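Chain and residue survey
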Amino acid sequence: MLRKRPAQVSDVREAEGDDTATGRRAGRYVVPVVGLAGVAALTIGLVPAFAGVGAPDLPKVSAEKLIAKMAASDVRQVSGTVKIDTDLGLPSMPGGSGGGLVGDAMKDAGGKGGGAKDGAALDPQAKLMELATGSHTLKIAADGPEKHRLSVLDGGDEYTMVHNGQDVWAYASADKAVFHAKGPKADAGDSDRRELPDRATPQALAKQALTAVDKTTRVTVDGTAKIAGRDAYQLVIQPKQAQSTVDSIRIAVDAENGVPLKFTLSPKSGGKPVLDAGFTSVDFAKPDAGTFDFTPPRGAKVTEEGDLDKKAEKDGMSAPDLGLPFDPSAGSGDGSGPKVIGEGWASIAELQAPRSGSHQGGSGDDKARPEASGSPLDSFGDKVSGKFGKGTVFSTRLVNALMTEDGGVYVGAVDKAALIKAANAAH
């Protein structure tokens, strides 16, 4: 899903009525956050498991007031287990392991079994990419802005990040590698900036979904559910635009404290959800202080931030980005981004594929263009044509991309016809 403006409460009033004071509180919650796996589409869902037997009998609440309850929630202490199931429908490369393009790419990048070196196995961005396919279990704990712990458990392997005061640790058991860094203490009122990059939790995904709420969105409350033993309301977010590949977003919101407990995304094409992330167990009591202690396991190689930076500089590479807000490189940049065509759920990003010949003093001829490169990806796409010439559409269950013969790339959580229309309009 492309980054959109923060949700405006007026967009919810269409279905639920007006409540100005409540709306202002809701606006504090709805802030843009970076999405899972770098794709522009992370959130949507309607799952039968939410409904049915055992739904608690709770007082009725409007969508606007439920969002306001989420906004007013000030829960700082939590621990629990989160189960994530992701199925974008990515095909496997020929000769691959069957894990889809993302899974195969991770192996090439030095993921599990790939002999990752120099801290690559500790990069949270790479770990988030792994969550874009298959089933995963996360253990999380938090106690205010200075103490966080997140572990990704895959079979016998463990990836853990711990933030305790000024100390930040990352550990990958498969590589017996530990990374250690220090950062400044959080300033008062700056707690949101200091969270670990737990972008696959129901709370983070709910924030991302709410940034998409605008005049192109319908928001309602659809019954109740029992999640991880707790009573919850079901907030449903649905695109109004027919070209969107998103069916709906369903967020289970804790009826007592307003914390999102479960997040499910389903595509219009039907079948099982594209993304289903929810607590299987949760406790809002203060975690034991020892939860945030970390001692490097015996035999693990420990790399300090300064040592890794020096080696990366020597090799002309960048050190792993822990995604921590106090990292000077995090969130920096000139604010530039892709051109966005359309609005709301039908937004399409227009990019330009790199041409190796034109950057290296070459001729920049067709051999440098995606359509003429003979990429194995061509076998997975649908050939299309229009005013833009010829191109190939690569499809998943949620995000689709059109790559034209002149190097143009159009990406969005929209159908193929919308991509072709956007490419035609750009030529």
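See the structure above.
The rules behind these values
- Residues numbered from 1 in each chain as written.
- Predicted model: local features only at pLDDT ≥ 70, side-chain atom pairs only at ≥ 80, totals over all residues.
- Heavy atoms only, no water.
- Helix = DSSP H or I, 4+ residues; strand = E, 2+ residues; numbered from the N terminus.
- Buried < 20%, exposed > 50% of the residue type's maximum accessible area, 1.4 Å probe, protein only.
- Contact = heavy atoms within 4.5 Å.
- Areas by Shrake-Rupley, 256 points an atom, 1.4 Å probe, with all protein chains shown as cover.
- Pairing = 2+ DSSP bridges.
- Salt bridge = Lys/Arg side-chain N within 4 Å of Asp/Glu carboxyl O.
- Axes fitted to C-alpha atoms, helices over the stretch in contact; angles between N-to-C directions.
- Phe/Tyr/Trp six-rings, centres within 6.5 Å; stacked < 30°, edge-to-face > 60°.
- Polar contact = N/O pair within 3.5 Å; in protein donor to acceptor, adjacent residues only side chain to side chain.
- Core = buried A, V, L, I, M, F, W, Y, C linked by side-chain atoms within 4.5 Å.

Observations regarding the overall build of the protein
Helix and strand counts for the protein stand at 9 helices and 18 strands. The buried share of the protein, reckoned over its 427 residues, is 48%. For the protein, long-range pairs separated by at least 24 residues make up 63% of all intrachain contacts whose partners lie at least 6 apart in sequence. Carbon and sulfur atoms form 51% of the exposed surface of the protein, whose accessible area is close to 20,000 Å².

Some details on the pairing of strand β17 (residues 400–404)
Among the 5 residues in β17, 4 count as buried, and that is most of the element. The pairing of strand β16 (residues 389–395) with β17 spans 5 bridges and is classified as antiparallel. By the bridge assignment, Thr392 is partnered in β17 with Met403.

A look at unusual backbone geometry
Positive phi, normally seen in glycine, also occurs at Lys176, with a value near 50°. Within the element layout of this structure, Lys176 appears in the loop between β5 (167–172) and β6 (177–182). Residue Lys176 is classed as exposed on the basis of its relative accessible area, which comes to 53%. Unlike most non-glycine residues, Ala228 shows phi in positive territory, near 50°. Relative to the helices and strands, Ala228 is located in the loop between β7 (217–227) and β8 (230–239).

A word on the pattern of salt bridges
What the rule picks out here adds up to 14 salt bridges. Between Lys226 and Asp231 there is a salt bridge; the shortest N-O distance is 2.5 Å. The shortest N-O distance in the salt bridge between Arg230 and Asp254 comes to 2.3 Å. You can see Arg230 sitting in strand β8 and its partner Asp254 sitting in strand β9 (residues 246–254), a full 24 residues away along the chain. With relative accessibility at 1%, the residue Asp254 sits in the buried group. Look at the salt bridges and you will find they share partners, linking Asp87, Lys272 and Arg397 into a network.

Regarding the sheet that holds strand β4 (residues 157–164)
Strand order in the open sheet formed by 12 strands is β7-β8-β9-β10-β11-β1-β2-β3-β4-β5-β6-β12, with mixed pairing between adjacent strands. Two strands lie at the open edges of the sheet, namely β7 and β12 (301–304), each paired on one side alone. Going across the sheet, the axis of each strand differs from the next one's by a mean of 15°, ignoring polarity. Bridging between strand β3 (residues 147–154) and β4 involves 8 bridges; their strand directions are antiparallel. Residue pairing in the sheet places Leu150 in a bridge with Met161 of β4. Contacts from helix α6 (residues 202–210) reach β1 (77–86), β8, β9, β10 (260–267) and β11 (275–283) within the one sheet, and its direction differs from that of β10 by about 55°.

Examining the packing of aromatic side chains
By the definition in use, this model includes 2 aromatic pairs. With a centroid separation of 5.2 Å and an interplanar angle of 35°, the aromatic rings of Trp169 and Phe294 are classed as tilted. Here Trp169, found in strand β5, pairs with Phe294, found in the loop between β11 and β12; they are 125 residues apart in sequence, far enough to count as distant. Judged by its relative accessible area of 15%, Trp169 falls in the buried class. For Phe294, a relative accessible area of 16% gives the class buried.

Thoughts on the sheet that holds β17
Strand order in the open sheet formed by 6 strands is β13-β14-β18-β17-β16-β15, and the pairing between neighbours is antiparallel. The open sheet terminates on both sides in strands that have one partner only, identified here as β13 (339–341) and β15 (382–386). The mean inter-strand angle of the sheet, taken between neighbouring strand axes irrespective of direction, is 25°. For β17 and strand β18 (residues 408–412), the ladder comprises 4 bridges, and the chain directions are antiparallel.

Side note on α6
The buried count for α6 comes to 9 of 9 residues, which makes it a mostly enclosed element. Residues of α6 that are buried: Pro202, Gln203, Ala204, Leu205, Ala206, Lys207, Gln208, Ala209 and Leu210.

Let's talk about the side chain of Ser244
In this structure, Ser244 sits in the loop between β8 and β9. Residue Ser244 is classed as buried on the basis of its relative accessible area, which comes to 2%. A distance of 3.1 Å separates the side chain of Ser244 from the backbone nitrogen of Val246, its partner in a polar contact.

Observations concerning the nonpolar core
In terms of nonpolar packing, the biggest core is built from 56 residues, with Leu138, Leu235, Ile237, Ile251 and Phe263 touching the most fellow members. Take this core: its biggest share by element is 5 residues, from β9. If we skip the residues at most four places from it in the chain, Leu235 touches Ala63, Leu66, Ile67, Met70, Leu210, Val219, Thr220, Val221, Ile249, Arg250, Ile251 and Val253.

Nothing here speaks to function; it is geometry throughout.
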